[in-house]
Amino acid sequence: MTTTSTIDSSYYLDSQKTRTPSSTLDKDDFLQILMVQLQNQDPTNPMDESKFIDQMTSFTTLEQIMNMTEVVEYMAGNSSYTSPVIEYSHMIDKNVTYNEYDLDTGEITDTITSKVTAVTQQGGYAVLELENGKSIYADAVTKVSNE
């Protein structure tokens, strides 16, 4: 009489590890594919030299594009914030006009023009230091001139 043994459950398809496909192919994946291709080629009929050079050129191009992408992303990330002092520094030695207001009524009491001597920052906003000794926020300026 013959006995049959049970099948080991590790052989079941549902117990096998599943691979999640990636929608992108990076340089490591490309190099891995190339290496597998070289390892599994027929020794009696090796890969054509020109095809190999084409694949290496593709790999080098891919690597350079990825490096450029990293640099562009880094630059874009760092340029998103510019200091208000740097942003408004071009206003030094310019004449700016601004209004003074009555605190009770909110009406304009005077229109003043003065030269910008420095730019500072307060609370994340640019503050213009003026020749007349006053300081105003840059968004209070109504006119900028060289005269």
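Residues numbered from 1 in each chain as written. Predicted model: local features only at pLDDT ≥ 70, side-chain atom pairs only at ≥ 80, totals over all residues. Heavy atoms only, no water.

**Some points on the overall build of the protein chain**
Just so we agree on the cut-off: What counts as a helix is a DSSP run of H or I of at least four residues, what counts as a strand is a run of E of at least two, and both are numbered from the N terminus. Only protein chains enter the accessibility calculation, which uses a 1.4 Å probe; a residue is then buried when its area is under 20% of its type maximum, exposed when over 50%, and partly exposed in between. Any pair of residues with heavy atoms lying within 4.5 Å of one another is described as a contacting pair. With residues, only the protein chains shown are counted as cover, and all accessible areas are computed by Shrake-Rupley using a 1.4 Å probe.
Along its length, the protein chain carries three helices and five strands. The helix and strand sequence of the protein chain, counted from the amino end, reads α-α-α-β-β-β-β-β. Counting every position in the protein chain, which comprises 147 residues, the buried fraction comes to 15%. Long-range contacts, defined as pairs at least 24 residues apart, comprise 44% of the intrachain contacts of the protein chain with a sequence gap of at least 6. Accessible surface, the protein chain: about 12,000 Å² in total, of which carbon and sulfur atoms supply 53%.

**Focus: the packing of aromatic side chains**
Put simply, the rule is: Only rings of Phe, Tyr and Trp enter the pairing, Trp through its six-membered ring, and a pair is recorded when the two centres are within 6.5 Å. The plane angle decides the type: under 30 degrees is stacked, over 60 is edge-to-face, the rest tilted.
Enumeration over the complete set of coordinates arrives at one aromatic pair. Seen in terms of ring centroids, Tyr 125 and Tyr 137 are 6.3 Å apart; in terms of plane orientation they differ by 90°. Their pairing is edge-to-face. Here Tyr 137 lies in strand S4 (residues 135-137) and Tyr 125 lies in strand S3 (residues 125-130), a separation of twelve residues in the sequence. With a relative accessible area of 55%, Tyr 125 lands in the exposed category. For Tyr 137, a relative accessible area of 38% translates into the label partly exposed.

**Re a nonpolar patch on the surface**
The following threshold applies: Like-charged residues are merged into a patch within 9 Å and nonpolar side chains (Val, Leu, Ile, Met, Phe, Trp, Tyr) within 5 Å, provided each residue has over 30% relative accessible area and no salt bridge. Any carboxyl oxygen of Asp or Glu that lies within 4 Å of a side-chain nitrogen of Lys or Arg is treated as forming a salt bridge with it.
Taken together, Val 71, Tyr 74 and Met 75 make up a surface patch of nonpolar side chains, about 350 Å² in accessible area. Along the polypeptide, Val 71 turns up in helix H2 (residues 49-78).

**Concerning the sheet that holds S4**
What counts, and what does not: What makes two strands pair is DSSP finding at least two bridges between them. Lines fitted to C-alpha atoms define the axes here, with helix axes fitted over just the stretch in contact, and angles between the N-to-C directions of these axes take values from 0 to 180 degrees.
Spatially, the five strands line up as an open sheet ordered S4-S3-S2-S1-S5, and their pairing is antiparallel. The strands lining the two open edges of the sheet, one partner per strand, are S4 and strand S5 (141-145). Looking at each pair of strands side by side, their axes are set apart by 45° on average, direction ignored. Where S3 and S4 come together, three bridges link them in antiparallel fashion. Within the sheet, the bridge partner assigned to Glu 129 lies in S4 and is Ser 135.

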